[in-house]
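This is what each chain is made of:
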Amino acid sequence: MTDSKQQKLLSAEAFLASDEIRGEAAAWLETLAFEKRFSPHTIEAYGRDLRRFLAFLAEHRGRPADATLLKDLEPSDLRAFLARRRNEGLESRSLLRALAATRSFMRHLEKKGLGRTDVFAAVRPPKRPHHLPKALGVDDAKELIDPRTRAGETREPWIIARDCAVLGLLYGAGLRISEALSLSRAEAPIGATDRVAVRGKGGKTRVVPVIEPVRRLLENYLALCPYELSGGPLFVGARGGPLSPRIIQLAVERMRGALGLPAGATPHALRHSFATHLLGRGGDLRTIQELLGHASLSTTQIYTAVDKTRLLDAYRLAHPRAQ
C-alpha cells in the first residue's frame, strides 16, 4: 500500500459516521498500523470492512452511526450486515474477516465508553471453509525423502541427509515440522529405539512409532553431521544453530521443481500423505488420530474424504464405463 493510499485510508473522511466516530475509526486504524504492527494489506482490508459496516448502518438505521447508535447496537444489526455482504457474493473467509474487523473496532470504542461488544456473542459466525488436505502419491513421497533424489546438488552431503531425515519423520511418522525440529539429540529414534515421544499442540505428548527406513535416514544424518549435538537439538542449521523450518520448505521447493510436483507438494503435505496412505492401507481412524495427535476424531475424519476422492479419480481414469 502506497503512503498516499494509506493516508487516504486512515483519514476520518473515509467513514460515513458522526465526526466523533469517524475520528475514532481513524485512530483505530492508526493503532493497528503503528502499535500492533498489522500488515498494510490487513489494515487496508480492515479499513474497507469498517467503511462498509458504517455505510450499512447508516442505511439500515436511517442515520450515520454515532455513539448512541453504536451503544444500542443489536445482534440483528450484525446479522443483517453479514446477510447483506453474503448476498453481495462475499465468501465465508471474507465474512469472518469483516466480523473480526467490526469487533476489533467496537472493542476500541468500548474502552472509551462509545460502543459495546457483548452483541457479538449472540451472532453465530460463518463456518470456516474446510479445504481437504492434499496428499502426495506414494512414489512422490518416497522420492522427496530419498537422498538419492538430490544426488546432483552441490550442497554438503550432511545437509542433504539432514533434510531427508526431517522429511522422513514427517512422512514416516506423521510429525508436524515444528514437532520434528523440536526433538533433541537425546530423543533421536535410532538403533533399537523404534518410537519417539513428541510434544504436540497444546503441550500434549504422544508416542509415535518410527519405522526402520526413517531410523536409517536419521542414523545417516548423525553419522555425517559435523557438529557435536549432545545436549542440544537433533537438527541444526549450516552454522550449528537451531534449524529453521524455512530451510526445509526451501529444500522441498527445489525438489518440487526438479521432480515436476505440484505446488501443493510441501513439507506439511507429507504429514497429510502419511495419514492418507495409512487409511488407504486399512488403518483405522482412531489409530491415525492418535498418531497425528488430533484432539478430535472429526479432524481426522477429513482423510476419509481425501481417500474417497482419490478412489473416485482412479475409477474415472481406469473404468471403461466412466469415460
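- An unreviewed UniProt entry lists the protein chain under the name Tyrosine recombinase XerC, from Methylocystis bryophila.
- The record held by UniProt for the protein chain lists under Subunit (unreviewed entry) the comment "Forms a cyclic heterotetrameric complex composed of two molecules of XerC and two molecules of XerD."
- Looking at the protein chain in UniProt, the text filed under Subcellular location (unreviewed entry) is "Cytoplasm".

**Here's the deal with helix 3 (residues 40–61)**
Line of reasoning, step 1. The terminal C-alpha atoms of helix 3, which comprises 22 residues, lie 31 Å apart, in line with the 32 Å expected from a rise of 1.5 Å per residue.
Line of reasoning, step 2. Along helix 3, the residues classified as buried are Ile43, Glu44, Ala45, Tyr46, Gly47, Asp49, Leu50, Phe53, Leu54, Phe56, Leu57 and Ala58.

**Focus on the pairing of strand 2 (residues 205–209)**
Line of reasoning, step 1. Taking every second residue as pointing to the same face, the buried face of strand 2 carries Arg206 and Val208, while none of Thr205, Val207 and Pro209 on the other face is buried.
Line of reasoning, step 2. In this structure, strand 1 (residues 195–199) lies alongside strand 2, joined through five bridges in antiparallel fashion. When the sheet's bridge partners are listed, Val196 is paired in strand 2 with Val208.

**Here we look at the UniProt feature "active site" (unreviewed entry) in the protein chain**
Line of reasoning, step 1. Annotation from UniProt places "active site" (unreviewed entry) at Arg176, Lys201, His268, Arg271, His294 and Tyr303.
Line of reasoning, step 2. Examined against the element boundaries, Arg176 turns out to sit in the loop between helix 8 (157–173) and helix 9 (177–181).
Line of reasoning, step 3. Other than its neighbours up to four places away in sequence, Arg176 contacts Leu170, Gly200, Lys201, Arg206, Arg271, Leu292, Gly293 and His294.
Line of reasoning, step 4. Structurally, Lys201 is set in the loop between strand 1 and strand 2.
Line of reasoning, step 5. The exposure class of Lys201 is exposed, given its relative accessible area of 62%.
Line of reasoning, step 6. If we ignore the near neighbours within four places in the chain, the residues touching Lys201 are Arg176 and Glu179.

**Some details on the packing of aromatic side chains**
Line of reasoning, step 1. If you walk through the whole model with that rule in mind, you get seven aromatic pairs.
Line of reasoning, step 2. Taking 5.0 Å as the distance between ring centres and 75 degrees as the angle between the ring planes, the aromatic pair formed by Phe53 and Phe81 counts as edge-to-face. Note that Phe53 is positioned in helix 3 and Phe81 in helix 5 (residues 75–87), a separation of 28 residues in sequence.
Line of reasoning, step 3. We classify Phe53 as buried; its relative accessible area is 1%.
Line of reasoning, step 4. Classification of Phe81 by relative accessible area gives buried; the value is 2%.
Line of reasoning, step 5. On the numbers, 5.6 Å between centres and 50 degrees between planes, the contact of Phe56 with Phe81 is tilted. Taken together, the residues Phe56 in helix 3 and Phe81 in helix 5 connect sequence positions 25 residues apart.
Line of reasoning, step 6. A residue is classified by how much of its surface remains accessible, and Phe56, at 5% relative accessible area, is buried.
Line of reasoning, step 7. The side chain of Arg162 reaches across the aromatic face of Trp158, ending 5.6 Å from its centre.

**Quick look at the pattern of salt bridges**
Line of reasoning, step 1. One pass over the full model with this rule turns up 19 salt bridges.
Line of reasoning, step 2. One salt bridge in this structure joins Asp66 and Arg63, with 3.0 Å as the shortest N-O distance.
Line of reasoning, step 3. Classification of Arg63 as partly exposed rests on a relative accessible area of 33%.
Line of reasoning, step 4. For Arg85, the salt bridge goes to Glu88, with nearest N and O atoms at 2.3 Å.
Line of reasoning, step 5. The network of salt bridges with common partners includes Arg150, Glu153, Arg155, Arg162 and Asp163.

**Brief notes about the packing of helix 5 against helix 6 (residues 92–110)**
Line of reasoning, step 1. Put simply, helix 5 and helix 6 touch, their axes get as near as 10 Å, and they point 145 degrees apart. Taken as a pair, helix 5 and helix 6 cross one another with a handedness that is right-handed. Of the residues in helix 6, those in contact with Leu78, Phe81, Leu82, Arg85 and Arg86 of helix 5 are Ser92, Leu95, Ala98, Leu99 and Thr102.

**Notes on helix 6**
Line of reasoning, step 1. With 19 residues, helix 6 extends 26 Å from end C-alpha to end C-alpha; this agrees with the ideal 27 Å at 1.5 Å per step.
Line of reasoning, step 2. All of the buried residues along helix 6 are Ser92, Leu95, Leu96, Ala98, Leu99, Ala101, Thr102, Ser104, Phe105, Met106, His108 and Leu109.
Line of reasoning, step 3. Where helix 6 is buried, its residues contact helix 2 (19–34), helix 3, helix 4 (67–71) and helix 5.

**A few points about the side chain of Glu179**
Line of reasoning, step 1. Relative to the elements of secondary structure, Glu179 occurs in helix 9.
Line of reasoning, step 2. Discounting residues that sit within four places of it in the chain, Glu179 has contacts with Val198, Arg199, Gly200, Lys201, Arg206 and Arg271.

Calculation criteria
Residues numbered from 1 in each chain as written. Predicted model: local features only at pLDDT ≥ 70, side-chain atom pairs only at ≥ 80, totals over all residues. Heavy atoms only, no water. UniProt positions renumbered as here; feature names shortened; annotations may be inferred. Helix = DSSP H or I, 4+ residues; strand = E, 2+ residues; numbered from the N terminus. Expected span 1.5 Å × (residues − 1). Buried < 20%, exposed > 50% of the residue type's maximum accessible area, 1.4 Å probe, protein only. Pairing = 2+ DSSP bridges. Contact = heavy atoms within 4.5 Å. Phe/Tyr/Trp six-rings, centres within 6.5 Å; stacked < 30°, edge-to-face > 60°. Lys NZ or Arg CZ within 6 Å of the ring centre and 35° of its normal. Salt bridge = Lys/Arg side-chain N within 4 Å of Asp/Glu carboxyl O. Axes fitted to C-alpha atoms, helices over the stretch in contact; angles between N-to-C directions. Left-handed = near helix turned anticlockwise from the far one by under 90°.

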